[in-house]
Amino acid sequence: MERRPRPGSALHALDSVCTDHWYGTHLAVEHLVALGHRRIVLAARDDSPTARTVRAAFAEIAADRPEVEDWTVVLSSPDAVPGPGPAEAGPVSGTPSGGAAQPLDLDLAALLRERGATAAVLHGDVDALMLVQRLAESGVQVPRDCSVVAYDDVVAALGSTPLTAVAPPRAEIGRAAAELLLHRLSDAAGAAGPVRRSELLPELKVRGSAQARTPATD
């Protein structure tokens, strides 16, 4: 569940069930773009396959959206890194003419001001709630000054500002995995049948931490 085996590995030929995190990232960006936001920051962890998928998907989606004038990817937690390597050398940024790297010791309020960003996608929920609190301490109110979409929806609704969040279908993932396993165990045909890979789509839970962009939020 929620793992994509490396192509050619021993696990590649096994059944699997995953959330389509590319689609979840698309939902977050689409929601913010529809509200008029054109400069967006993604702050995400880098210590899990999901986090790395979300980071890669955001960079691809933001770069392909002509409405997005500027986008930046940074670590939500400098300590949430599996080890040194090229991916940790610095954040990824994009503008129509390119973008400069930002430091990994994240000051989200300063980054928003520097990039002129009016919206942020934050992965995962605990980091999102902490970053929203730090924004408030820096005088940046959500959603008045910055619209936020969290990614994971485990505790996103529990903050003083309930966060709009992308919600992976956890229960359905478990159910689908159990069904695949039971199919394999049910009879000889199931055991010898073709490998099945399923991707389930997440959904967006709108709670009001993102609002339409106005001149006052610039």
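Definitions and cut-offs
- Residues numbered from 1 in each chain as written.
- Predicted model: local features only at pLDDT ≥ 70, side-chain atom pairs only at ≥ 80, totals over all residues.
- Heavy atoms only, no water.
- Buried < 20%, exposed > 50% of the residue type's maximum accessible area, 1.4 Å probe, protein only.
- Helix = DSSP H or I, 4+ residues; strand = E, 2+ residues; numbered from the N terminus.
- Arc of directions from axis to C-beta.
- Axes fitted to C-alpha atoms, helices over the stretch in contact; angles between N-to-C directions.
- Parallel < 35°, antiparallel > 145°, perpendicular 65-115°, else oblique.
- Left-handed = near helix turned anticlockwise from the far one by under 90°.
- Contact = heavy atoms within 4.5 Å.
- Nonpolar A, V, L, I, M, F, W, Y, C, P; charged D, E, K, R; others polar.
- pLDDT = per-residue confidence, 0-100.
- Core = buried A, V, L, I, M, F, W, Y, C linked by side-chain atoms within 4.5 Å.
- Expected span 1.5 Å × (residues − 1).
- Salt bridge = Lys/Arg side-chain N within 4 Å of Asp/Glu carboxyl O.

Observations regarding helix 3 (residues 108-115)
Taken residue by residue, helix 3 has Leu 108, Ala 109, Leu 111, Leu 112 and Arg 115 as its buried positions. Each buried residue of helix 3 sits inside an arc of 165° when the element is viewed along its axis, so together they form one side. Relative to its buried face, helix 3 has exposed residues pointing more than 90 degrees away, namely Arg 113 and Glu 114. Where helix 3 terminates, the next one or two residues include Gly 116, which has phi positive at roughly 70°.

A word on the packing of helix 1 (residues 21-34) against helix 2 (residues 49-64)
Contact pair helix 1 / helix 2: the axes reach a minimum separation of 9 Å and the direction vectors enclose 50°. Here helix 2 runs oblique to helix 1, going by the angle between their axes. Relative to helix 2, helix 1 is oriented so that their crossing is right-handed. Counting all contacts with helix 1, which are made through His 21, Trp 22, Thr 25, His 26 and Val 29, the residues of helix 2 involved are Thr 50, Thr 53, Val 54, Ala 57, Phe 58, Glu 60 and Ile 61. A breakdown of the residues in the contact of helix 1 with helix 2 according to their chemical character gives 6 nonpolar, 5 polar and 1 charged.

Topic: the confidence of the model for the protein
Residues with a pLDDT of 70 or more make up 83% of the protein, whose mean pLDDT is 85. Of the regions scoring below 50 in pLDDT, residues 83-90 engages in 7 contacts with residues more than four places distant in sequence or in other chains. A low-confidence stretch, residues 96-104 stays under pLDDT 50, and its non-local contacts, those more than four residues away or across chains, total 17 contacts.

Structural notes on the nonpolar core
Core analysis: the largest hydrophobic core is formed by 23 residues, its most contacted members being Leu 108 and Leu 122. Elements that contribute at least two residues to this core include exactly strand 2 (39-44), helix 3, strand 5 (119-123), helix 4 (125-137) and strand 6 (147-151). Ignoring any residue separated from it by four or fewer positions in sequence, one finds Leu 108 in contact with Val 41, Leu 122, Leu 131 and Leu 135.

Quick word on helix 4
An ideal rise of 1.5 Å per residue puts 18 Å on 13 residues; helix 4 measures up with 18 Å between its terminal C-alpha atoms. Buried residues of helix 4: Asp 125, Asp 127, Ala 128, Leu 131, Val 132 and Leu 135, and no others. Looking down the long axis of helix 4, one finds its buried residues gathered within 150° of arc, a one-sided arrangement. Residues Val 126, Met 130 and Glu 137 are exposed on helix 4 and point more than 90 degrees away from its buried face.

Focus: the pattern of salt bridges
Going through the model one piece at a time under the given rule, you end up with 14 salt bridges. We note a salt bridge from Glu 67 to Arg 65, for which the minimum N-O separation is 2.9 Å. Between Arg 207 and Asp 153 there is a salt bridge, with its nearest N and O atoms 2.8 Å apart. Taken together, the positions of Arg 207 in the segment after strand 9 (203-205) and Asp 153 in the loop between strand 6 and strand 7 (164-167) put the pair 54 residues apart, joining distant regions of the chain. Here the residues in one salt-bridge network are Arg 39, Glu 69, Asp 70 and Arg 115, joined through shared partners.

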